[in-house]
Every structure is written in structure tokens, then in C-alpha cells.
Amino acid sequence: MTKIKSGEAILKFCFLLFFFQLLLSCEFEPSGIYNRAIEESSSPPEINIVELNLTSDTVYLFSGKDVKFSFTSTDLTIYEVDFYLDDSFYASANSSSGTFTLDPLSISEGSHSLQIILLTKSKQQTIADYFGGTAYTFSKNWVIIVDNDYETEINYNNSDGILNLSWTKYPNNDLKNYILYRCLTIYGSNKTEITRLDANEYVDPIYVGERIRYEVAVETQDGKQFTWAYIDMPGEIPKPVIRTDQDGKQYIVWEISRYRDAIKSYILSYNAVGGLYYGDVILKTTIDPEDTLYVVNSILVKLSHLKMHVVPADDRYYKSQDYYLFESLLSDPVFGTSFKQNGPYYSLKPVSPDEFLVNTINALYKYSISDNQFTDKILATSLQGCSSCLFYSVSASSSGAKTLIFVPGLQEIFCLLNSSDLSDIIYATVNITDGHYNVYPVSDQGTGPVMSNTSQGRIYMYDYNTSSILDTIERSFLDYETVKISSGGDYLFLKDDFLRLARYSDHRLNLIYTFETYPRFFEFSAANPDQVVIWDGETVSVRNCSDYSVITAFSIPADGSILNIDFNSDEFLRYSSGHFYVHRLSDGTITHDIMTNALVWYGQNSCYLMGHRIVFTDGQFFNID
Amino acid sequence: MLKIFPIIALFVITSLAGYSQSLDAGFQLGTGFYSMSGLKSINNEVVRSLQFDSEIVSDFPPYFAYRPFILFNFGSYKFGIRYTFNSTGSRVSSKDYSGEYRFDMKIRSHSPELIGEIELETFGIFRLFFYNSFGIILSDLDQNEELEILGDMVAGGRYKYKSFSPVGESGFTGVLPFSKFDAEVSLGYLYQVGYGDYKSQTQPGMILGDPDTGKKISRGWNGFRAGVSLVHHFKI
């Protein structure tokens, strides 16, 4: 019974403890709200965009962009505008209007989101107004794209002979206009504004194909300018080129200009180095864009370039100092037929109606005109005992049958060659102790005079075939120089105070004729070894060597000089004042009168008439028919 | 004091246990008025300092107090122990459509006491006692400030303080006996003596002071108390 009562007491105690804990949990909690007497507007605050020059959802940032903004609100006081880029603070303005700059240098490349947040205060002085205002998030977002490699380009084509330009469209809406420039250098300097335009294309009626740069700049509505695209025009002035037809006739041709409607005229000219004329020599001027051919009737040599110059119809951008922009050059043009490939050549010797020899310092070549190629050659180093020999003097007989080469060295060597076969070589030495003379004329027999240069000098008639002295002729006259020997070896031109014609016979030299006036031209005939051709400046005469009697004679103009006689065609070549004249040897009639820029004088820059071709020592020949 | 009080209480209880006629265990549900003058000055200062208008919507009102007690009954007098739990608080409030500001204070106290009662008069079956208690009061103060703008909590702070103080209460108790329990009605006055500073639990060394005068704030539980009790007698 006692246990039961004790149990009840414990039960009561536990109940009281639980009850007490329950009450403890019911502690005081502050409550109550003080509602301020401010009524919320039923409509959201209204923000008016007075100005915001972000007029498209996507903005490409090519340069610093000044974003102008201005907001107003009837409900709110806007006291700050914050700009967030990719949710990060970028800039702010403590005003409802102003400008901030989007600087591409401060923004990484790629796509970004721009958000504008307006911080406002209500005009009712709400709690929020006292703690930073009522933030109003401007709901508009923009995509800002920074692409440093944004591809812009200018394309061009032409239609109706006028240049059409078009370029990549500026993608933003803040374009004020494009500015098109033309620049004289590829570095974009010396710019001249052509026009300002809204469209991304332009027809330039002035462009004639000159090598310039077109540059397009973008001007934005906030006044900024930056280069948008450019193109370096390749230069499309028609370039002159040389064409040769099947008959060997040569022309200078050029293509019709793509910009022909902008071109007033075309001027074709050449410039030669060391030629007869200095500076540009005009060959042709035309205003016809389809006249693209010039027939070459002149002999033009040593040209540095051919030039096509176009004159713009509208010359507002044409300045004299920029002439080169309007030209197209063909450098180092070669007319006729060239055989320069082994040159330069020191001398040229016709050795047959179709062949000539040319030599360099270390080689002798034979060239066939009809084959238009070299047919034989001999190298100085290939001669016997001449591992380092050079050719010093090359002479040929009047007919060209024999060629004599003097190769100085430790042992002076003469090589007598059969001109028809350069491998047919006879090596000779001249064992004459009292000196030599530099010119070694040779006859078709391989004989020739060698002059003594001492006061007791003699004339040695020497046979190069056998390296032997045929005769030692005591001199009859002082200080003879032998300058020519006839192909038969019987007659010589000797020179002291006068030019003299002498005959070698019976181991003697017999004077035939003394030229008191030095002839303008004299040459033994290659066709007849007993004849000589003389030009005294007025009359050309063909004479017998034996008695100097006249066979035929005729007058030719006194100007200029006779360059050579082609005995195979019985014609000779005269040059005078930019003209080559071809005369008949029979009567002096001029058969060809050919203009040339070549500057020719006797003994230098020689050229030869060979079978109706004029062959220049410097490596080219021209057909004259 | 905190260490001495349980020893004294244990000594008194064990000393009296052998002489009492019965053990009275009871529970009192009471209430009271709290001066809280220092904490109220904080509220006033908060209201003054705010840039916008606000009000003190609750300022330490009377609230329920819970008092279990055990007394040894010696006939015309009683001795025992009592535990009291008090709580109250305050709120400074301001609200509009843009946001809301609240500054709440909530204070709780736990006070163990020794109590003695002596019978003064008998009116039939109704008996009138005078009581006096002495003990300690431990207070926990929570301060919570919040600023909410457009639904976002933009500012706020929570601060906790504790205080300790001796406490005493004197008053009268009327007892109406029933067959198995007594019903009692009490009316008294609680007074704190000494100590009572509110020491910060979040910022060590900081003591709560009056923002206006700079003086320390202490105590605050002083005031009248009233309550009704049910008491059960246990034979010893």
C-alpha cells in the first residue's frame, strides 16, 4: 500500500515537471508592427529613357564607345546609374544622365552581357530611400562583343570600266557615316578623303588602276572615328609586253584597262640607258582604250624599261610627284633576237653570211643566225697549257675564214683557228724579240704582219701556221702600223702620218697609194681579195688594190659613218643621227631607213649588217626586212 | 554568491526537514510589472535615432511567470525554496512597402530563492500569510535588429547579454484549503539589490549602457508581482 502511494507521488511529480517545462517554453515573444502612413503606388515606377545610344541588342566594340544615357522618372528620383558587365561592376555615374566609356582594352575578348541598374529614391521618403534608395533594375540587357580579330575587308570589282568598292558592313547601329580615303602609301599616310557616305559601297569614277590604298573609317554618332577596313589596290595600269609574230615582226601590246572609262589617254614610252636619247621617249599616245598595239618599226636597244602611263579623265587626285602610281613598267625589255646569254661580249666578227664569232674574256662563241643559237665555242682554259688563260685579242681575216687569238701569258700564244671549225686550232708562238703591236691582222692563209716597235723596227711577215717568219722587211717608212691585211695576204693598209695602201710581193712592201686625207671608211673586199672599198666622206668607191683604180663610185650623204659592208649581200650599213641606213654597194641606193635609239660610233658599240640583219655586239640582232 | 546560495539552501532544507508537519509542493502562475528603465531608454534612443518615423510597439509588458516551489509546513509558518522564470521584451517597429525595420529585445530570468512564510491571521478557513524570499536572479538579454529592403535583409545584428543580481521579494499570501490541495493568491513586490550589469556574450568586456547618458544599465526586474497557486501537501 505504501509502495502504491509512493508511486502516485512520483507520478504527480513527473506530471508537474512536464507541465512546468511546457510553460517555460511559452516565453515572451515581441510582436506588433508600426505601419508608416505611406501608400505604395499600384503601378510600377516608370522610367523614361531620354537618351541611350545603345540602339541594338548586340554591340560590337571596335573602339572605345561612349555610352550616353539619360533617364527620368515621374515617380522616382534617379540618383545613380550603375553598369554591370557580366554581373560585375564596371562603372557608375552619380547622376541620371551622363556618359561612360566602354573601353575594349579593359574588356576581355569575347561576348559579355551589359546590364544597367538605376538606383532611385521614391519621392515619398520610404525606408528604402534612407538606406540607399530603391534599386530599380533596368530590364534591358545587351551583348557586348569584343572581337579583336573581327574580319573586315574591302572588295572591289569593276563594271562598265569603273571601279566598284564594297566593304564589310559596320554591325552597330551607332554609325554616323563611313569615310572613304585614298592613301598614297601602303602605310596609310598621305590620306585624302574621298567622300562620306551611309552605304557600305561606292563607285569610284576616278580610279584608273593606280597602286593606292583605299581605307574606310567608321564615324560613330558620338563623333569617334576609327579605321574599319582597307585594301591595297594591286595596281592595274595596263602593262606593255613584247610580242613577235611568225615573220619576226615585233609589237608592243597591252590589255584593255578594266577602268577604261576613267582614263583620258594612254602614253607608251621607253627609257634607255646609254642610248641616244635621255629620259622618256614617247612611242605612242592614244585615247582609244581598245587601241592596244604598237608596231615596232625602230631598232630599240639598251632599254631600261617600257612604260605605260595613263592620264585620268578626272585629275583631281593626280599630282606630278605621284606620277609613278599611274604607270606600269616592263623592265629591261629586249627587242629583236637576243643572244646575250653568254655575254657581255667584247668583240664580234662575222665569219660567214650566217655566222659570227663573239668573245668574252675567257671564251669564244660561234652563233648561227639562221639556227638562232650558238653552234660552237672554245674556252680559253681549254687551250693547251692555259689553265688560267684569258683572251686578249681576237681578229679575223676580211672574209672571216681565219681567226687569230692572242693569249698573253708566260709564254705568249697565238691560236689560229679555222672559223668554220673552232676545234681546228693551230698553236703558234711569235719569236720576235723587238716587240709586238697589239693588233694582229690575219689573212685567209693564216699569215699576217707583226710590227717591230723599235727605232730600227721592221715588219715581219709571219706565218701562224708554222710559227715562222716569212720575211723581214726593212721599213721604208717611219713608225708604221699595220691595221688591215687583205684576205689574200697581198695588200696592207699601213699607217704613219698618213694612211697608206701597200702591196707585199717579192719580199718587199711597195707603196701603192697615200691617203693625204684620212678616209672615213676603208676595207678590203671579202668577196674579191684584190679590191678595196674607200669612203672619203663624199664618195664611196670600189677600187683595184693593184693600182688604186676606180671600179665603181657613187656619192652618199656625208653625215654619219659606215659601220660595215656585207659583201655577201653587196650592201653596207651607215648610221647617222638615230637612223640606220642600208645602202647598195653597187650604187649607194638606200634600201632601208630604220629609226633607232642606239648610240653608235665607229669602233665601239659596234653593229654589223649581216644578211639583212643588224647584229649588235652587245647581244641582239634585228631583222630589217 | 552563485556558489554560496545552493549550499545555504541545502543546509536550510536539511535542517528543517526533520521538524516539519508536512511538505507543501506547489506551482504558481503569476505575472508582474517590470521597471526595465535602462532597456526602455535604449528603445527611446533607437526611435530618436532613426531617420524615419517608428514606434515602440511593445515595451516590456507584464507576462506570465512560472514558479514551482517546495515549502516545509510547520503549522503557522513555512520555509522552503522557490524557482521563478520571468520573460518579457520590447519592439521598435517601422514598416512601409519598401521595407521594414525591427529592433527587438527579449529578456528572460531564472531566479532560485529561499522563501519563508508566517501566518498573520485566520478568517474562518481562509488563512493570511506574510512571505519573504531571498535569492539570485540570472537574466539573459537578446537584442535583434533587422532592416529589410524590398524583401532582402540588408542590415541586422544579434547581441546577447547576461546579468546576475541578488533578488528579494516580500508580500502576502492568502490560502484557501481544499480537501486535497490548497488554493493560494499572492501579491508582492520584487526588488533587486546590487550587481545586475548586462555583460555582452558576443563582445567580451562590453557592458550594456544607456546610449543617451552612457551610464551602465542594470537590473530592471523590480516591480509588483501577483500570482495564483495550487499547493499539495505531502505527509512526511
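Look up: the structure comes first, before these words.
These numbers were taken from a predicted model, which means no experiment stands behind them.

Peer 1: Would you mind going over the overall build of chain A in detail, with residue names and values included?
Peer 2: The helix and strand tally for chain A stands at 2 helices and 49 strands. Counting every position in chain A, which comprises 625 residues, the buried fraction comes to 32%. Intrachain contacts of chain A at a sequence separation of at least 6 include 53% that bridge at least 24 residues.

Peer 1: Go over the overall build of chain B, please, and point to the residues and values.
Peer 2: Each helix and strand in chain B was counted, giving 2 helices and 10 strands. Along chain B, from the amino end to the carboxyl end, the secondary structure elements read α-β-α-β-β-β-β-β-β-β-β-β. In chain B, 70% of the contacts between residues at least 6 apart in sequence involve partners at least 24 apart.

Peer 1: Give me the lowdown on the interface of chain B and chain A, citing residues and values where you can.
Peer 2: Contacts between the two partners involve 34 residues from chain B and, on the opposite side, 25 residues from chain A. Listing elements by their share of the side of chain B that touches chain A, those giving two or more residues are β2 (55-59), β3 (65-73), β4 (77-96), β5 (99-123) and β6 (126-149) of chain B. No other element matches the 10 residues that β4 of chain B contributes to the side of chain B that touches chain A. Of the residues that constitute the side of chain B that touches chain A, the class distribution is 15 nonpolar, 11 polar and 8 charged.

Peer 1: Please provide a residue-by-residue account of the sheet that holds strand β43 (residues 561-566) of chain A, values included.
Peer 2: Strand pairs in the sheet, formed through backbone hydrogen bonds, run parallel or antiparallel to each other. Residues and elements named next belong to chain A. The strand order across the open sheet formed by 4 strands is β43-β44-β45-β46, and the pairing between neighbours is antiparallel. Unpaired on one side and paired on the other, β43 and β46 (590-595) mark the two borders of the sheet. For this sheet the average axis-to-axis angle between neighbouring strands, irrespective of direction, equals 20 degrees. As judged from the 5 bridges shared by β43 and strand β44 (residues 571-576), these two strands associate in the antiparallel manner.

Peer 1: With reference to specific residues and values, describe helix α2 (residues 37-49) of chain B.
Peer 2: All names here are of chain B. When the terminal C-alpha atoms of α2 are compared, their 18 Å separation across 13 residues agrees well with the 18 Å that a helix rising 1.5 Å per residue should span. Residues of α2 that are buried: G38, L39, I42 and N43. Along the long axis of α2, the arc covered by the buried residues comes to 150 degrees, so they all point the same way. Where α2 is buried, its residues contact β2, β4 and β5.

Peer 1: Quick one: what's the story with the pairing of strand β10 (residues 223-235) of chain B, residue by residue and with numbers?
Peer 2: Residue and element names in this part refer to chain B. Two strands pair when backbone bridges link them, and strand β1 (residues 22-32) and β10 are joined in this way by 11 bridges, in the antiparallel orientation. Its bridge partner being in β10, L29 is matched across the sheet by V228. Bridging between strand β8 (residues 181-192) and β10 involves 10 bridges; their strand directions are antiparallel. Among the inter-strand pairings, G188 is bridged to a residue of β10, identified as R225.

Peer 1: Which residues make up the nonpolar core, and what values do they have?
Peer 2: All names here are of chain A. Grouped together as the largest cluster of nonpolar side chains are 109 residues, with contacts concentrated most on F356, I405, F414, I614 and V615. For this core, the domains that each give at least three residues are domain 2 (154-232) and domain 3 (241-335). Not counting residues up to four positions away in its chain, the partners in contact with V615 are L348, F356, C607, Y608, M610 and F621. Listed in part, the 17 residues of the second largest apolar core include L54, I78, L102 and L119.

Peer 1: Go over unusual backbone geometry with me, naming the residues and quoting the values.
Peer 2: The phi torsion at S467 of chain A lies on the positive side, around 55 degrees, for a residue other than glycine. With respect to the helices and strands, the residue S467 of chain A is situated in the loop between β33 (458-463) and β34 (468-474).

Peer 1: With reference to specific residues and values, describe the environment of N73 of chain B.
Peer 2: Residues and elements named next belong to chain B. Note that N73 resides in strand β3. By C-beta crowding, N73 is classed as partly exposed, having 19 other C-beta atoms within 10 Å. Along the sequence, N73 and Q21 sit 52 residues apart, while their C-alpha atoms lie 5.6 Å from each other.

Peer 1: Give a description of the sheet that holds strand β27 (residues 373-379) of chain A that names residues and reports values.
Peer 2: Residue and element names in this part refer to chain A. Taking strand neighbours across the sheet as the criterion, the 4 strands line up as β24-β25-β26-β27 in an open arrangement whose pairing is antiparallel. With partners counted over all chains shown, the strands left at the sheet margins are β24 (347-350) and β27, one partner each. On average, adjacent strands in this sheet sit at an angle of 20 degrees to one another, irrespective of strand direction. The sheet contact formed by β24 and strand β25 (residues 355-359) spans 4 bridges and is antiparallel. Following the sheet pairing, P350 is matched in β25 by F356.

About the thresholds
Residues numbered from 1 in each chain as written. Chains lettered and ligands numbered in written order. Predicted model: local features only at pLDDT ≥ 70, side-chain atom pairs only at ≥ 80, totals over all residues. Helix = DSSP H or I, 4+ residues; strand = E, 2+ residues; numbered from the N terminus. Buried ≥ 20, exposed ≤ 12 C-beta atoms within 10 Å, placed from the backbone. Contact = placed C-beta atoms within 7 Å. Nonpolar A, V, L, I, M, F, W, Y, C, P; charged D, E, K, R; others polar. Pairing = 2+ DSSP bridges. Axes fitted to C-alpha atoms, helices over the stretch in contact; angles between N-to-C directions. Expected span 1.5 Å × (residues − 1). Arc of directions from axis to C-beta. Core = buried A, V, L, I, M, F, W, Y, C linked by C-beta atoms within 7 Å. Domains from an automatic or database assignment.

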